[in-house]
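Working through the structure, step by step
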Amino acid sequence: MAQPLRTWAVAATVLALATAAVVWWLGGSAGPGAGDAHPATAEAAAASAPVLAIASQVPTAGLGGGRHGYLHELRDQQASVRDIVKSVHTV
């Protein structure tokens with residue numbers, strides 16, 4: 001699953017730069033899989049490309065640190081992208 005996430009992030013960045021339109025991509029994986037898109041996301045930020053990335057997350061009960069046994073669980077997924085994106089929100 002990681003390779004498509006990287007490809008989608010790169011494609012969104014290129015399209016946003018070419019059209020100046022906001023381009024979104026939907027990450028179907030949480031945690032380490034979503035991390036595979038970080039380089040393209042950082043490139044989008046550095047180039048001021050208007051990209052909206054929507055990533056999945058473990059269930060709300062698994063948030064807040066610690067280990068709860070969820071697949072693809074990270075201690076703090078938001079922290080893994082906070083330095084390369086404009087804002088991070090849990091919905």
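Residues numbered from 1 in each chain as written. Predicted model: local features only at pLDDT ≥ 70, side-chain atom pairs only at ≥ 80, totals over all residues. Heavy atoms only, no water.

With that out of the way, let us pick up the nonpolar core. Nonpolar side chains in soluble globular proteins tend to be buried together. Ranked by size, the top nonpolar core spans 10 residues in total: Leu5, Ala9, Ala12, Ala16, Val23, Trp25, Ala37, Ala40, Ala44 and Ala49. Residues within four places of Ala9 in sequence aside, it is in contact with Trp25, Ala37 and Ala40. (Core = buried A, V, L, I, M, F, W, Y, C linked by side-chain atoms within 4.5 Å. Buried < 20%, exposed > 50% of the residue type's maximum accessible area, 1.4 Å probe, protein only. Contact = heavy atoms within 4.5 Å.)

By the alternation rule, side chains of strand β1 (residues 23-27) split into Val23, Trp25 and Gly27, which are all buried, and Trp24 and Leu26, of which none is buried. Relative to strand β2 (residues 51-55), β1 runs parallel, the two sharing five bridges. The partner of Gly27 across the bridge, within β2, is Ala55. (Helix = DSSP H or I, 4+ residues; strand = E, 2+ residues; numbered from the N terminus. Pairing = 2+ DSSP bridges.)

Mapped onto the secondary structure, Gln78 falls in helix α4 (residues 77-81). We classify Gln78 as partly exposed; its relative accessible area is 21%. Remark: the alpha-carbon pair of Gln78 and Thr90, spanning 12 residues in sequence, is separated by 8.5 Å. Not counting residues up to four positions away in its chain, the partners in contact with Gln78 are Val88, His89 and Thr90.

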